[in-house]
Amino acid sequence: MAYPYVSDREVRLLSTYFGDPKQRHIETYVKRGGYSALEKALGMGPDDVVEIVKSSGLRGRGGAGFPTGVKWSFMPKEKKKAHYLLCNADESEPGTFKDRELMRWDPHQLIEGCLIGAHAIRAQHVYIYCRGEFFEANQVLARAVEDAYAKGYIGENILDSGHDIEVTVHQGAGAYICGEETGMMNSLEGRRGEPRIKPPFPAAVGAFGKPSTINNVETLCAIPHIVKNGGEWYRQWGTEKSPGTKLFCVSGHVIKPGNYELPLGFPLIELIEDVCGGMKDGNALKAVIPGGSSVPLINAEEARACKLDYEGCVDVGTMLGCASVIVMDETTDIVKQVRRMVDFYAHESCGLCTPCREGTTWTAQILRRIENGKGTEDDLDTLMEMTQNMVGTTICVLSDSVAAPVQSSIEKFRDEYLALIRRGERVGAA
Amino acid sequence: MPVTLTIDGQEVTVPKGTTILEAAKTIGQQVPHYCYHPGMSSPAMCRLCLVEVEGAPKPMPSCVTTVMDGQVVHTQSEEATASRKAVLEFYLVNHPLDCPICDMSGECSLQDYVHEEGRDSGRSREPKRVFGRDDFGGDVLFYGDRCVMCTRCVRFMSEVEQDTRLTVVDRGNRSVIDTFFEEGLDGTNWHGNIVDICPVGALVSKDFLHKARAWDLEHTPSICTSCSQGCNIDLHTRDNLVQRLKPRENLDVNGWWMCDHGRENYEWINQGTRIEAPLVRDGNGGSKAVDWKEVLGALLEQANGAGAVKAVASPLASNEDLGALKALVEALGGGETVYRSARAEEEIVLKGFPSLARRKDLSANTTGAELMGLERAGADDATGGLADVAGHDGVLVVLGDALEDQPADFGKNAALYVFLGSHESEASANASFVLPVTTFAEQEGTFTNVAGRVQRFWPGLQAPGMARPPWLILGALVAELTEADLPRTAADAFAALASAVPAFSGLTYDDIGTRGALVNEPVQLSGD
Ligand SMILES: Cc1cc2nc3c(=O)[nH]c(=O)nc-3n(C[C@H](O)[C@H](O)[C@H](O)COP(=O)(O)O)c2cc1C
Ligand code: SF4
Ligand code: SF4
Ligand code: SF4
């Protein structure tokens, strides 16, 4: 198989067929055991499916790590209105590229997961909200949905079970904020992509005002495996609190960047040095962002101590997020990196909340000024305090995401900021 | 179901479902906010109303967080005030602070909040974002740089007027309020309200632009005279001129709103060339200005045995004025009184607050006139209908109707023609007595609105010269002709009316207060 890089340290459950175009064909998928989990699930009551998922300990792969089975159990047990399952395929977090691969290579795995999830939460309709820029993934998914309809896996009376489930693939239009679950619901309904205030929570009032559950692509892709093999089986990988495998999107200064499926709890340093073939050009490791741009960055020392699971990351002062590991070597200009990330948030803030609307741009402006040698030490204090004012004060957590890279970089790489400030002062003096 | 909680150490009991912000109001605690408005949905986006709720992990938006039994809320704690201080700093990052040339200055909640709780100085050294100025159509100019992005204006148009003309374009800090292409606000009927609810000087009135500073304006509670809805308003005056009208909250009548027609119709109040002294005509083209004592004495002399009365009254006259007129007509031996009033073809209903409409009757007191037995006359443009009156040979009394459509020989045959008005007109040429009266803006009184609600208004302007309220002039005549007491205040005049006209019986100025009170009879307008 020609998938860019693989490693024998991997445990490939979800990514088994990455690089194999045949897997996109429904016949191949079925021949390789596909849709048997769906058949099994449809033969069970919805709550029994929820129980299996609960027992597996699977946690949401969209970033927050909330236990999926528990989330499903929030849905009303009695269906008084329509229920919806929304599959979050808007993957836009800088550094993240796992959902795209899951959709490109194994679309039926996702569809099967969606159908099982829909059955478990008593939903009659699944919306897969796919990032608009993912042209190929969108096409592959659309084709796969069509095939699954034709074969009777989607639609009325699926596999003669008496259950009807529809699946719609919806293309986003280029907004990171539409990956936030309530922003997605607004977007799906044709409104501005802006998060909603909670409560009410989606399980009570979600898409189109009906009870809804939102799950990430990778979360749903794990479902068929868990339903087929049981919760205990899934727990043979990972840790007690973070069971199972996880796709790690590694980018940056490593020899072999790419997607690697590893058991949770895998040591970060082994991911870099072993799985990814080590640092590029033999340069020294400087910093790692282990969970996508929204989590604090850690320095080399912390990286060496970091275990890649939800708790292990917290132990070193960061978060697992969506496991997008951005590796930076000694040549990296940290201030510039941080400024680029903040530029992203300034561009993507929906603009509802004042701290986020104003704070994202203001932060970027200050960072740019520092980069250009016009900063002062006071700016660093302002940055620390002002970004703290963006934490916990807004409707969604995009605002908090700015504080993470800014504060962690100032704490850990203050020297780099000071060097820029001093160089500017010298030039100014000359 | 009542819920009891503690706000700033004080126990508060409010109905279930009340927000913390509204509950705090009941103990006089105003939590600063921009996006929240009680008449619209709450997006909880300005983040200014965050308060500390014990046990909650984060500060909570008080505009959408509903009260719970036993909840302990702090609106003035360290956490709450620090949060407001932080949010206010964000607001000033891009705000131009052009208060010296901003129409909102002096009544701007950004100024107020920052003065009260903001930082002593901002930390931003960055260049500010510039949007510039835009004509939104209608009476509205948009100064984009001043906008605090509360979206009240957008929500008013889409939720209250229900004619979506504004939207937020782009996102993040590039978000800006805009119209749809060139459509703008032209042709909408309630858009003046967005200027009122804009918390800053981002939306300003073209009509009021640079006319007066807010702190130079006097505010007088009044009632809009432009239709029979009777929206509660404030007259904003300076230099004895009305500078603008603003709605005054009254949930029973107009909520927080008023229509553009009513808002724009105020220049007539400021019209000069007033009658300033009572005039007596000698019948040979000569006339002289005299004092009140003399004019009323002469008038009473002539009234003796002058015949049946025909009177024309304006439906802009107050209940007190009309009541006094009615008493005078009776004291003079009886007769009939008509009123003329402009009428529109359609009501203009405010869809999101449907008990409010620009009514068909385009005068404030048609209902009062009807309740007092006045007959409607003339066409829907308030002309004609006076053929009988014009040539009447007995006593003719005109109150407030300018008679603009009437010929110069109006009242020529009358034995006694008394004209009470604010401005002379051609048709008053034959009047033997021309008596200067005040407008509603210069006197105290009440109107009765379309629903039979009697509402008080207060004087905001000085009356010119010797002009007096009609009820006082007419009341003095009645007191001379009958046993009745001379009314010394508008309240006296209202009391006289209440004892004479059953619909008003039992009502007093105290009952009516600033919010109005209903008459005792169901209201039915002639022609409806
Ligand atoms: C600003 C923002 C952007 C987000 N973008 C994504 C995204 O692109 N994909 C995703 O799966 N979750 C995203 N999330 C998380 C979702 O809100 C939600 O928690 C997740 O889809 C739930 O799925 P899970 O329980 O399977 O993790 C985002 C959250 C925020 C606050
Ligand atoms: S935090 Fe930012 S992105 Fe999230 S709702 Fe508020 S303004 Fe929008
Ligand atoms: S123009 Fe005024 S009302 Fe409209 S969003 Fe801006 S500040 Fe709010
Ligand atoms: S609805 Fe009638 S009373 Fe109200 S503002 Fe308009 S004209 Fe005046």
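**Some thoughts on the overall build of chain A**
Here is step 1 of the chain: The helix and strand inventory of chain A stands at 18 helices and 11 strands.
Here is step 2 of the chain: On C-alpha atoms alone, chain A measures out to a radius of gyration of 22 Å, which is about the 22 Å that the 2.2 N^0.38 rule sets for 430 residues.
Here is step 3 of the chain: Seen through its C-alpha atoms, chain A measures out along the principal axes to roughly 80 × 45 × 35 Å.
Here is step 4 of the chain: Excluding contacts between residues fewer than 6 apart, the proportion of contacts in chain A whose partners are at least 24 apart in sequence is 70%.

**Comments concerning the nonpolar core**
Here is step 1 of the chain: The biggest cluster of nonpolar side chains holds 284 residues, and the ones touching the most others in it are C87, C114, I128, L271 and V288 of chain A.
Here is step 2 of the chain: Residues in contact with V288 of chain A, not counting those within four places in the same chain, are L268, L297, I298, A303, V325, I326, V327 and M328 of chain A.

**What to know about the site of ligand 1**
All names here are of chain A.
Here is step 1 of the chain: Around ligand 1, 24 residues are found, and the nearest of them are G60, G62, G179, N216 and T219.
Here is step 2 of the chain: The dominant element in the shell around ligand 1, judged by the number of residues it contributes, is strand β4 (residues 212-216), at three residues.
Here is step 3 of the chain: When the residues that make up the shell around ligand 1 are grouped by side-chain class, the tally is eight nonpolar, nine polar and seven charged.
Here is step 4 of the chain: Looking at which domains feed residues into the shell around ligand 1, each of domain 1 (21-234) and domain 3 (334-429) supplies at least three.

**Notes on the domain arrangement of chain B**
Residue and element names in this part refer to chain B.
Here is step 1 of the chain: Taken as a whole, chain B is organised into domain 1 (2-76), domain 2 (96-108 + 124-216) and domain 3 (279-518).
Here is step 2 of the chain: The interface is formed by six residues belonging to domain 2 together with six residues belonging to domain 3.
Here is step 3 of the chain: Here the side of domain 2 that touches domain 3 is composed, by residue class, of two nonpolar, two polar and two charged.

**Looking at the packing of helix α5 (residues 98-105) of chain A against helix α9 (residues 217-229) of chain A**
All names here are of chain A.
Here is step 1 of the chain: Contact geometry for α5 and α9: axes closest at 9 Å, N-to-C directions at 45°. Classed by the angle they form, the pair α5 and α9 counts as oblique. Of α9, the residues touching α5 (which contributes K98, D99, L102 and M103) are V217, E218 and C221.
Here is step 2 of the chain: Among the residues making up the contact of α5 with α9, the classes are represented as four nonpolar, no polar and three charged.

**Points about the sheet that holds strand β21 (residues 395-399) of chain B**
Residue and element names in this part refer to chain B.
Here is step 1 of the chain: A sheet is described by the order of its strands in space; here eight strands give the open sequence β15-β14-β23-β22-β21-β16-β17-β20, paired in mixed fashion. Lying at the two open borders of the sheet, with one neighbouring strand each, are β15 (287-289) and β20 (375-376).
Here is step 2 of the chain: Pairing geometry for strand β16 (residues 309-313) and β21, over five bridges, is parallel. Counterpart to V309 in the pairing with β21 is V395.

**Re helix α7 (residues 135-150) of chain A**
Residue and element names in this part refer to chain A.
Here is step 1 of the chain: Taking 1.5 Å of rise per residue, the 16 residues of α7 would be expected to cover 22 Å, and the 23 Å separating its terminal C-alpha atoms lies within 8% of that figure.
Here is step 2 of the chain: Considered for burial, the residues of α7 that qualify are A137, N138, L141, A144, V145 and A148. Projected onto a plane normal to the axis of α7, the buried residues spread over an arc of 135° and lie on a single side. Residues of α7 that are exposed and angled more than 90 degrees away from the buried face: F135, E136 and A150.
Here is step 3 of the chain: Buried residues belonging to α7 abut α1 (26-31), α5, α6 (107-120), β2 (125-130) and β3 (166-171).
Here is step 4 of the chain: Once α7 finishes, G152 follows within two positions and takes phi at roughly 80°, a positive value.

**Topic: the sheet that holds strand β1 (residues 84-89) of chain A**
All names here are of chain A.
Here is step 1 of the chain: The parallel open sheet is built from four strands, whose spatial order is β3-β2-β1-β4. On the outer flanks of this sheet lie β3 and β4, each paired with one strand and no other. The average angle at which neighbouring strand axes cross in this sheet is 20°, direction not considered.
Here is step 2 of the chain: Here β1 pairs with β2 via six bridges, running parallel. Residue A89 lies in a different strand from β2, and its bridge partner there is C130.

**So, the environment of D381 of chain B**
Residue and element names in this part refer to chain B.
Here is step 1 of the chain: Within the secondary structure, D381 sits in the loop between β20 and α10 (387-390).
Here is step 2 of the chain: According to the C-beta neighbour criterion, D381 is exposed, with 12 such atoms within 10 Å.
Here is step 3 of the chain: Spatially, the C-alpha atoms of D381 and G70 are 61 Å apart, while their sequence positions differ by 311 residues.

**Looking at the domain arrangement of chain A**
Residues and elements named next belong to chain A.
Here is step 1 of the chain: Assigned domains of chain A: these are domain 1 (21-234), domain 2 (245-329) and domain 3 (334-429).
Here is step 2 of the chain: The C-alpha centroid of domain 2 is placed 27 Å from the C-alpha centroid of domain 1.
Here is step 3 of the chain: Opposite the 13 residues of domain 1 that make contact, domain 2 presents 15 residues.
Here is step 4 of the chain: Per-class residue counts for the side of domain 1 that touches domain 2 are two nonpolar, five polar and six charged.

**A look at the packing of helix α14 (residues 334-348) of chain A against helix α17 (residues 398-412) of chain A**
Residues and elements named next belong to chain A.
Here is step 1 of the chain: It is the contact of α14 with α17, at a shortest axis distance of 10 Å, that shows an interaxial angle of 170°. The angle between α14 and α17 places the two elements in the roughly antiparallel class. Here α14 contributes I334, V338, M341, V342, Y345 and E348 to the contact with α17, which in turn contributes L398, S401, V402, P405, V406 and S409.
Here is step 2 of the chain: Taken together, the residues of the contact of α14 with α17 break down into nine nonpolar, two polar and one charged.

Basis of the calculations
- Residues numbered from 1 in each chain as written.
- Chains lettered and ligands numbered in written order.
- Predicted model: local features only at pLDDT ≥ 70, side-chain atom pairs only at ≥ 80, totals over all residues.
- Helix = DSSP H or I, 4+ residues; strand = E, 2+ residues; numbered from the N terminus.
- Rg over C-alpha atoms; globule rule 2.2 N^0.38 Å.
- Contact = placed C-beta atoms within 7 Å.
- Core = buried A, V, L, I, M, F, W, Y, C linked by C-beta atoms within 7 Å.
- Buried ≥ 20, exposed ≤ 12 C-beta atoms within 10 Å, placed from the backbone.
- Near = placed C-beta within 6 Å.
- Nonpolar A, V, L, I, M, F, W, Y, C, P; charged D, E, K, R; others polar.
- Domains from an automatic or database assignment.
- Axes fitted to C-alpha atoms, helices over the stretch in contact; angles between N-to-C directions.
- Parallel < 35°, antiparallel > 145°, perpendicular 65-115°, else oblique.
- Pairing = 2+ DSSP bridges.
- Expected span 1.5 Å × (residues − 1).
- Arc of directions from axis to C-beta.

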